[in-house]
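These are the residues of each chain, in order.
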Amino acid sequence: MGIDTFINASSEWVTPNVPLKLESLRRNVEGVGEFDDRAILASWLHLRQFGFSPRLTTELDDYVVGLQNFRTYYRDAFSLEPGVRLDREAVEIMRRGHCGLFSFDPSGERDLISAARAVGAVAPRLRRWAKRELKYRFGDGLPGSDGAEFEQVEDMLGVWQGLGEVTFVRSDAAPDFEIAWKTEDPDFDMTGHVVAHAGLPDSGFPMPKPLHFDNEHVWGGVEFNIRAVSLHEIGHILGLSDSSDQGSVMFHVFRPNEPNRKLSDIDILEFQARYP
């Protein structure tokens, strides 16, 4: 769903109070006055959609805390200065493609991984499959395609499989996950700038777990790289979480015309922590 439809469909903004909310933000939050109503609303919806805004009692507090969390989280990845300011750098990040599974969580799962590996153990919170052979099936592909998009996803399955311990087998019999392109996805609302999502091993998604791409985006060429997004989403299928490290394939923000991604040392470490 496009960002305009996203804004229009949000009942939180279809109220007579919208002008008052916007005026309050312009008066109290640095930089907001430089943007039009649509950009401000889109930024607030982004902060709420991805968990940066904790939905506090007042809209102003909610936005301020959300923006502060956002800037702190992306400080290293995009060199954002901490604080409460809406600027063009922040808006540009919000407009990029995102993995729908991402939700801001300051708990720091990677610290658990590092601690577990230090003592030769597997952290109990790590999501993983108990079995080592995972079956997948194909659903709908890109309209008018000859199936080349699925070949690219399978190439990325091969990258993860190359680490050993886990194998992927195509099968329509009791598959563990489905690879498909969706216009309207009943299992996940891919609104705003979400380009894809996948189900973690212990997630609430029914079987087969989804590895779904949003059909409303342009894949290949000047927009989103199927291989880069696939490598990321397969990581979720295996149990890996999103990362704020741009060097990791689990970095959840995708830019147009992005080159292929490669597994980093931390990606391999996280895989090995789950499948020793």
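Structure shown above.
Just so it is clear, the model here is predicted, and its values are computed rather than measured. (Residues numbered from 1 in each chain as written. Predicted model: local features only at pLDDT ≥ 70, side-chain atom pairs only at ≥ 80, totals over all residues. Heavy atoms only, no water.)

A.B. asks: For this particular structure, what's the right way to read the overall build of the protein chain?
C.D. replies: Helix and strand counts for the protein chain come out as 10 helices and 7 strands. For the protein chain, the residues scored as buried account for 50% of the 276 residues in total. Accessible surface for the protein chain amounts to roughly 12800 Å². Of this, 48% is attributable to carbon and sulfur atoms. (Helix = DSSP H or I, 4+ residues; strand = E, 2+ residues; numbered from the N terminus. Buried < 20%, exposed > 50% of the residue type's maximum accessible area, 1.4 Å probe, protein only. Areas by Shrake-Rupley, 256 points an atom, 1.4 Å probe, with all protein chains shown as cover.)

A.B. asks: What am I meant to see in the pairing of strand β2 (residues 133-138) here?
C.D. replies: Burial along β2 is one-sided: the face carrying L134, Y136 and F138 is buried and the face carrying E133, K135 and R137 is not. The sheet contact formed by β2 and strand β4 (residues 177-182) spans 3 bridges and is parallel. When the sheet's bridge partners are listed, F138 is paired in β4 with I179. (Pairing = 2+ DSSP bridges.)

A.B. asks: What's the story with helix α9 (residues 226-238) in this structure? I'm lost.
C.D. replies: Relative to the 18 Å expected for 13 residues at 1.5 Å per residue, α9 spans 18 Å between its end C-alpha atoms, a close match to the ideal helical length. Burial analysis of α9 places 12 of its 13 residues in the buried class, the great majority of the element. Among the residues making up α9, those that are buried are I226, A228, V229, S230, L231, H232, E233, I234, G235, H236, I237 and L238. (Expected span 1.5 Å × (residues − 1).)

A.B. asks: Help me understand the sheet that holds strand β1 (residues 97-99), please; the structure alone is not making it clear to me.
C.D. replies: Hydrogen bonding along the main chain pairs the strands of a sheet, whether they run parallel or antiparallel. Taken in spatial order, the 7 strands make up an open sheet running β3-β2-β4-β6-β5-β1-β7, and their pairing is mixed. Every interior strand has two partners, whereas the edge strands, β3 (167-170) and β7 (253-254), have only one. On top of the sheet, α9 reaches β1, β2, β3, β4, β5 (194-198), β6 (209-214) and β7; it is set at about 160 degrees to β6, its chief contact. (Contact = heavy atoms within 4.5 Å. Axes fitted to C-alpha atoms, helices over the stretch in contact; angles between N-to-C directions.)

A.B. asks: Teacher, can you tell me more about the environment of R261 here?
C.D. replies: Mapped onto the elements of the fold, R261 is located in the loop between β7 and α10 (265-274). The buried category is assigned to R261, whose relative accessible area is 12%. For the pair R261 and V229, spaced 32 residues apart in the sequence, the C-alpha separation amounts to 8.6 Å. At a separation of 2.6 Å, a polar atom in the side chain of R261 contacts the main-chain carbonyl oxygen of F251. (Polar contact = N/O pair within 3.5 Å; in protein donor to acceptor, adjacent residues only side chain to side chain.)

A.B. asks: Please explain the pattern of salt bridges as it appears in this structure.
C.D. replies: When the charged atoms of two side chains lie near each other, side chains of opposite charge can form a pair. Taken as a whole and judged by the stated rule, the model has 14 salt bridges. The residue D62 makes a salt bridge to R48 at a minimum N-O spacing of 2.8 Å. One end of the pair, D62, is in helix α4 (residues 59-73); the other, R48, is in helix α3 (residues 37-49), with 14 residues separating them in the sequence. Across the pair, R48 and D62 agree in class, each one buried. One continuous salt-bridge network, built from bridges that share partners, spans E30, E34, R71, R85 and D87. (Salt bridge = Lys/Arg side-chain N within 4 Å of Asp/Glu carboxyl O.)

A.B. asks: Any chance you could explain the side chain of K209 here in plain terms?
C.D. replies: For K209, the location among the structural elements is in strand β6. This buried residue, K209, is left without a salt bridge; D202 holds the nearest opposite charge, at 7.2 Å. Apart from the residues lying within four places of it in its own chain, the contact partners of K209 are W129, D176, F177, E178, G199, L200, P201, S203 and I237. (Lys, Arg positive; Asp, Glu negative; His and termini not counted.)

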